[in-house]
Amino acid sequence: MKRKEMTTRHDINQQQYQNKSNAYLSSAVHAQGDEFKKMQALIQQNRLKTVLDLGCGGGHVTYQLAPYVDEITAYDLSDEMVTTVLHEAQQRQLFQVNGQQGPAEKLPFESERFDVVVSRYSAHHWQSVPQALNEVWRVLKPHGKAVFVDILGHASPLLDTFFQSMETLRDPSHVRNYSFGEWINFAENAGFAIETVDQQQLPLEFRSWVERMQTPLHAVESLRYLQQHTTDQIKNYYQIQNDGSFVSPVVYLVLSKNQINLLKYAPDFYRVSGLG
């Protein structure tokens, strides 16, 4: 009997995002945001010329930053997303854009390749954020920058469990929204210095939120049940409306590569200490 291959998290991610690239390209939520002006200012002030758009999705980071740089690479686990971004970039005459497919945890680029790595609304799908951050550190030039924008988890188990459940019901490729504390730990363990930590608010209209992911009806009904039968504390925190629309907290994080990545020296440490 032929042995069935194991389904991986990357397999689930790729299955979930099949035939959805145009929905993300046309998504008003993804096309707008105060973070774009912050990124553009960061690039201009630091004269950053080579960019990796990590987990590019519909490509909105690429379109917003391309006019300010010499080269930007749209990179995503979904080959369909990358193809869509490259086509749209040509339509917009953004000829400094190139693309490549692959996972965040294993970047197919030489070390010290980019001035800045930007990842927006992607990390909550990654198999391993610590592994991905080590890869980001590797491909950044000395004193390079990394910018992360993502849905924010919560330190409170009550608030956190509710929102993680919502996310997974809507999209099975969801892994986790991380709290401020988790993001700081990830960054520091990878050797980054933390420059900026801000919180933003992202209003999400329920109908378009589920339609964009083609969430099946039974899951939509479960989402509405969960919203309607939760505590007032949760309803108030996420500003849940009668139609299911709500507000999600978002982290805006800027990191700098100007520390030693201790994980690089872990094998030597284990060997000297006798732990390896």
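It should be emphasised that the depicted structure is a prediction, and the values quoted were computed from it without experimental measurement.

**Thoughts on helix α11 (residues 217-228)**
One turn of the α-helix equals 3.6 residues, which is why residues spaced by three or four share an orientation.
Step number 1: Look at α11: 17 Å from first C-alpha to last across twelve residues, which is about the 16 Å you get at 1.5 Å a residue.
Step number 2: Among all positions of α11, only A219, V220, L223, R224 and Q227 are buried. The buried residues of α11 occupy one face: seen down the axis, they fall within an arc of 140°. Exposed side chains of α11 directed beyond 90 degrees from the buried face belong to H218 and Y225.

**Re the packing of helix α7 (residues 129-139) against helix α9 (residues 180-189)**
Step number 1: Their axes nearest at 9 Å, the elements α7 and α9 cross at an angle of 45°. In terms of axis orientation, α7 runs oblique to α9. As α7 packs across α9, the resulting crossing turns out to be right-handed. Here V129, P130 and L133 of α7 come into contact with α9, specifically with W183, F186 and A187.
Step number 2: Considering only residue class, the contact of α7 with α9 consists of six nonpolar, no polar and no charged.

**Quick look at the sheet that holds strand β6 (residues 193-204)**
Step number 1: Reading across from one edge, β3-β2-β1-β4-β5-β7-β6 is the order of the seven strands in this open sheet, with mixed pairing throughout. The sheet is open, and its two edges are formed by β3 (97-101) and β6, each paired on a single side. Averaged over neighbouring strand pairs, the angle between their axes works out to 15° when direction is ignored.
Step number 2: Where strand β2 (residues 71-76) and β3 come together, five bridges link them in parallel fashion. Bridge pairing links T73 to N98 in β3.
Step number 3: The strands that helix α4 (residues 35-46) touches are β1 (50-54), β4 (114-120), β5 (140-151), β6 and β7 (246-256); relative to β5, the one it contacts most, it runs at about 175°.
Step number 4: Running at roughly 170° to β3, helix α6 (residues 79-91) makes contact with β2 and β3 of the sheet.

**Considerations on the environment of S256**
Step number 1: Mapped onto the secondary structure, S256 falls in strand β7.
Step number 2: Taking relative accessible area as the criterion, S256 reaches 3% and is therefore assigned buried.
Step number 3: Residues S256 and H143, 113 residues apart in the sequence, show an inter-C-alpha distance of 6.0 Å.
Step number 4: Once residues lying within four places of it in the same chain are set aside, the contact partners of S256 are H143, G144, K145, F192, A193 and E195.

**A word on the pairing of β7**
Every regular strand shows the same layout, with side chains that alternate between the two sheet faces.
Step number 1: Burial analysis of β7 places eleven of its eleven residues in the buried class, the great majority of the element.
Step number 2: Burial along β7 is two-sided: F246, S248, V250, Y252, V254 and S256 facing one way and V247, P249, V251, L253 and L255 facing the other are all buried.
Step number 3: Bridge count for β5 against β7 is seven bridges, and the pairing is antiparallel. Following the sheet pairing, A146 is matched in β7 by L255.
Step number 4: Bridge analysis of β6 against β7 gives eleven bridges, and the strand direction is antiparallel. If you follow V197 over to β7, its bridge partner there is L253.

Calculation notes
Residues numbered from 1 in each chain as written. Predicted model: local features only at pLDDT ≥ 70, side-chain atom pairs only at ≥ 80, totals over all residues. Heavy atoms only, no water. Helix = DSSP H or I, 4+ residues; strand = E, 2+ residues; numbered from the N terminus. Expected span 1.5 Å × (residues − 1). Buried < 20%, exposed > 50% of the residue type's maximum accessible area, 1.4 Å probe, protein only. Arc of directions from axis to C-beta. Axes fitted to C-alpha atoms, helices over the stretch in contact; angles between N-to-C directions. Parallel < 35°, antiparallel > 145°, perpendicular 65-115°, else oblique. Left-handed = near helix turned anticlockwise from the far one by under 90°. Contact = heavy atoms within 4.5 Å. Nonpolar A, V, L, I, M, F, W, Y, C, P; charged D, E, K, R; others polar. Pairing = 2+ DSSP bridges.

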